[in-house]
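Overview (structure and organization)
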Amino acid sequence: MNSEDLAYLPTHELATRIKERQISPVEVVTTYLERIDRFNPSLNAYITVCREDALRNAHMCEKAIVNRENVGPLHGVPIGLKDQIYTKEIRTTAGSKILSDFVPTQDATLVTKLKDAGAIILGKQNLTEFALGGTVKFPYGEPKNPWNLNHSPAGSSSGSGIASAAALCSASIGEDTGGSVRGPASANSIVGLRPSWGRVSRNGIVPVCWSLDTAGPLTRTVQDTALILNVISGHDPKDEWSSHLPVPDYSSPLTGDIKGIRIGVIKELLSNSFLNAEVQEAVTQAASMLEGLGAEIEEISLPLVEIAGPIFMAICDSEGAAYHRDWLEQTPDTYDQATRRRLFAASLLPLSLYYKAQQIRTLIRQQILVAFEHCQVLLCPTSGTPPPTIQAAKNIISSPTEAVESLFKGRMYSTPFVLSATPALSMPCGFTQTGLPIGLQLISAPFDEVSILRVAHAYEQTTSWHTLRPGLI
């Protein structure tokens, strides 16, 4: 096995081989560090690389294996973290100059769980400023899509998507407020899961929007997502809103059998004027393949999903502006211009608009939950378009028409399932003729991650998209 094949080993297989003493944790960490040295200068996936800590922990993991100690499910596996997640004695910048010197005194709860499972923290990954999206000038380097360096890797978990796709770590943990895990998963051709709100503790995560934030894994296979979700899920007394519901075994149901599962194809998200034709074709073919595997496919209508984007923005940005109030008053020039403009604009929104948005959010949630009375899983694209060029993503909106299109077109695919607090997963389902990734999105009822993981795994096993690697040089 050459170093690239080692780096691209699925996380679950890597963990097994380490446990069985077939591969050394030191060799694994060294391989990833060498790839970071080689590729990160052009990709800008990492803000901070924990080189010494990772090597020291790798030696400790190796010693535990040699001594035949009981080890956790991620023993010796190198994991990257979005730099929005607290790490004890390692700076956490949230992608902003404002927190360039912030060093937490404790780990986020999910980091503690990863370490308890034996994972090695490899480094902190790049993101749009404060995970809000739209950053014009990244203070820690412009993140670039490994499939085409001229194109966006999407946000806000940009570095986490890049690092997993380019095998600069075994897997990553991102955070999804409005699509920040699923967007980079789609743009970089990997798997990204936004769990149910409350499934994963948010203790120790720099907030974007209190009522919408949640963390989730970005991996190269569905089984890896299931493995990591099992590790980071569960109630946390430090996050009183984390769920007390028991955490199921997410890996056992991944048998490939989806016969009889009812899947609803969302009409409004697979047939509209914003949808790219190649994306539409790829997602339609994916639905047909699932039907061929025994799933029952039907078209459903969710009319309110078309207005989810502006409703999300009214809620998210209002809460974000409240969190940032002091910094906006004291050091406004320290923000990126796009972040500052967005937060200042949100601070001007009247309370009545926020209240109205919450009312409409309830209607959107109700409409989506009713769909689960007939279907176990919903299906649509993750994004209506392939990843744009970096320059196009930064273009200034110059008219009211463009502003409206941005609100609706850019967010109508990811935000409905944030507002409904339902789990949603993005996975690879093809490429455009120019080689840009396309993402398939699967959604299930609250705390039914098992259903989307089952369907995603079955689809993955019949396709080769997850085996392809970006042509890095």
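Each value, and the rule that gives it
- Here the residue numbering is sequential within each chain, running from 1 through the sequence in written order.
- Thresholds applied to this predicted model are a pLDDT of at least 70 for local features of residues and 80 or more for the giving and counting of side-chain atom pairs; totals over whole chains, interfaces and linings are not thresholded and use all residues.
- Only heavy atoms go into the side-chain values, all of them from the structure, while hydrogens and water stay out.
- Starting at the N terminus, helices and strands are each numbered in turn, a helix being any DSSP run of H or I of at least four residues and a strand any DSSP run of E of at least two.
- Throughout, exposure labels follow a simple rule: accessible area from a 1.4 Å probe, protein chains only, divided by the maximum for the residue type, with under 20% read as buried, over 50% as exposed, and the rest as partly exposed.
- Pairs of N or O atoms within 3.5 Å make up the polar contacts considered here, provided that, within protein, one atom can donate a hydrogen while the other can accept it, and that residues adjacent in sequence are counted only when both atoms are side-chain atoms.
- By definition in these notes, contact holds between two residues if any of their heavy atoms fall within 4.5 Å.
- One bridge is not enough; two strands pair if DSSP finds at least two bridges between them.
- For every element, the axis is a line fit to its C-alpha atoms; helices are fit only across the contacting stretch, and the angle between N-to-C directions ranges from 0 to 180 degrees.
- Buriedness of a pocket was judged along seven lines, with at least five required to meet protein on both sides within 12 Å; pockets are open sets of points on a 1 Å grid over the protein atoms alone, cavities are sets where a 1.4 Å probe fits but cannot get out, and lining residues have an atom within 4 Å of a point.
- Grid points are joined across faces, edges and corners, and a volume is the space filled by probe spheres set on the points.
- Any residue that is not Ala, Val, Leu, Ile, Met, Phe, Trp, Tyr, Cys, Pro, Asp, Glu, Lys or Arg is counted as polar, Gly included; the first ten are nonpolar and the last four charged.
- For Phe, Tyr and Trp, where Trp contributes only its six-membered ring, two rings pair if their centres lie within 6.5 Å, and the inter-plane angle classes them as stacked under 30 degrees, edge-to-face over 60, or tilted in between.

Some words on the side chain of Ser-420
- Turning to its location among the elements, Ser-420 is positioned in the loop between helix H17 (416-419) and strand E10 (424-431).
- For Ser-420, a relative accessible area of 0% gives the class buried.
- Within the local environment of Ser-420, its side chain forms a polar contact with the backbone oxygen of Phe-417, the two atoms lying 3.4 Å apart.
- In contact with Ser-420, other than residues within four places in its own chain, are Arg-365 and Ile-368.

Details of the sheet that holds strand E11 (residues 437-444)
- The strand order across the open sheet formed by 11 strands is E1-E3-E2-E4-E6-E5-E10-E11-E9-E7-E8, and the pairing between neighbours is mixed. The open sheet has two edge strands, strand E1 (46-49) and strand E8 (296-300), and neither has a second partner. The mean inter-strand angle of the sheet, taken between neighbouring strand axes irrespective of direction, is 25°.
- Of the pairings in the sheet, the one linking strand E7 (residues 262-266) to strand E9 (residues 377-381) comprises 3 bridges and is parallel in character. If you follow Ile-263 over to E9, its bridge partner there is Val-377.
- Of the strands in this sheet, strand E5 (191-194), E7, E9, E10 and E11 are in contact with helix H18 (residues 449-461), which crosses E10 at around 15°.

Some remarks on the layout of surface pockets
- Looking at the second largest pocket, its volume works out to about 340 Å³.
- Taken together, 23 residues form the lining of the second largest pocket, with Asn-57, Lys-115, Ala-119, Ile-120 and Ile-121 sitting closest to its centre.
- When residues of the lining of the second largest pocket are traced back to their parent elements, those giving at least two are helix H4 (51-66), helix H5 (109-116) and strand E3 (120-125).
- If you tally residues by element for the lining of the second largest pocket, the top one is H4, at 5 residues.
- Looking at side-chain class alone, the lining of the second largest pocket contains 10 nonpolar, 6 polar and 7 charged residues.

Examining the pairing of E11
- Among the 8 residues that make up E11, 8 are buried, leaving the element largely enclosed by the rest of the structure.
- Of the two faces of E11, both are covered, the one formed by Pro-437, Gly-439, Gln-441 and Ile-443 as well as the one formed by Ile-438, Leu-440, Leu-442 and Ser-444.
- Of the pairings in the sheet, the one linking E9 to E11 comprises 5 bridges and is antiparallel in character. Across the sheet, residue Val-377 finds its bridge partner in E11, namely Ser-444.
- Here E10 runs beside E11; their pairing, made up of 6 bridges, is antiparallel. Within E11, the residue paired with Phe-431 across the bridge is Pro-437.
- The turn linking E10 back onto E11 is made up of 5 residues, and Gly-435 within it adopts a positive phi angle of 85°.

Points about the environment of Met-1
- Within the fold, Met-1 resides in the segment before helix H1 (3-7).
- For the pair formed by Met-1 and Glu-281, sequence separation is 280 residues and the distance between their alpha carbons is 37 Å.
- Not counting chain neighbours up to four residues away, the residues in contact with Met-1 comprise Leu-6, Leu-9 and Arg-17.

Here we look at the packing of aromatic side chains
- What the rule picks out here adds up to 8 aromatic pairs.
- Summarising the aromatic geometry, the rings of Trp-147 and Phe-431 are spaced 4.9 Å apart at their centres and angled 55° between planes, so their arrangement reads as tilted. Here Phe-431 lies in strand E10 and Trp-147 lies in the loop between E3 and helix H6 (158-165), a separation of 284 residues in the sequence.
- Members of the aromatic cluster, connected to one another through ring pairs, are Phe-130, Tyr-323, Trp-327 and Tyr-335.

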